[in-house]
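Each chain, written out:
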Amino acid sequence: MSKSLPLALSLLCIGVPAVGQTARPIPYPVTVSPEFTHALASGTRSPDGAPGPAYWQQWTDYVLTASLDVEQRAVSGTARLRYHNRSPDILDTLVVHLHQNLHAPGVRRNRPEEVTGGVQVESVVVHGHTLTTDTTAAAFYEVDGTIMTIVPPESVAPGSSVDLAFTWQFTVPQSG
């Protein structure tokens, strides 16, 4: 009998408000950002934040090849991509993240990293057109830190795709 008494007392205490307890606090009004209001209006988000009926995501199919030269600590390779524009927007520029450029000279970093030169992009081909870094050309690419911006020969329409090919290499940083 004495073993069940603590359980009985704890069951009696459930649901009994504490002395001096006030009502549940009411939060301040939530200010909805203009971006979220726009997402609601465009149908890409629902009021609870979940994807809405007009939600979309970009998609890329790709094939990567790479080889490692252990003695030189070098990786080289190619990337072939088909980028599918699932957005409702015409894309005049494409952006590729060059994460290995964290190790390029002059790149902003959050912490010290070994400088190995970053990734050397040897070629960028878009729909069979080899691009240059000449920004006065009709189609070109440029690299700023870890971001490569590509201006393709033709805009990428909604629902269409673009073929990209890259040749690249980089020096592997020391482990540490």
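Before reading on, note that the structure itself is shown above.
Residues numbered from 1 in each chain as written. Predicted model: local features only at pLDDT ≥ 70, side-chain atom pairs only at ≥ 80, totals over all residues. Heavy atoms only, no water.

**What to know about the layout of surface pockets**
- By volume, the largest pocket is sized at about 600 Å³.
- For the lining of the largest pocket, the elements supplying multiple residues, two or more each, are β1 (59-69), β2 (74-84), β3 (94-97), β4 (119-126) and β8 (161-171).
- Of the residues assigned to the lining of the largest pocket, the class counts are 17 nonpolar, five polar and no charged. (1 Å grid on protein atoms, 1.4 Å probe; cavity = no way out; pocket = protein on both sides within 12 Å on 5 of 7 lines; lining within 4 Å. Points joined across faces, edges and corners; volume = space filled by probe spheres on them. Helix = DSSP H or I, 4+ residues; strand = E, 2+ residues; numbered from the N terminus. Nonpolar A, V, L, I, M, F, W, Y, C, P; charged D, E, K, R; others polar.)

**Some thoughts on the nonpolar core**
- Formed by 20 residues in total, the largest nonpolar core has its most connected members in L94, V124, I150 and F166.
- Residue assignment for this core shows that the elements contributing at least two residues are β2, β4, β7 (147-151) and β8.
- Here this core gets five residues from one element, more than from any other, and that element is β8. (Core = buried A, V, L, I, M, F, W, Y, C linked by side-chain atoms within 4.5 Å. Buried < 20%, exposed > 50% of the residue type's maximum accessible area, 1.4 Å probe, protein only.)

**A short note on the sheet that holds β4**
- Overall, antiparallel pairing links the five strands, which are arranged β1-β2-β8-β4-β5 in an open sheet. Lying at the two open borders of the sheet, with one neighbouring strand each, are β1 and β5 (129-130).
- Here two bridges tie β4 to β5, and the two strands are oriented antiparallel to one another. By the bridge assignment, V125 is partnered in β5 with T130. (Pairing = 2+ DSSP bridges.)

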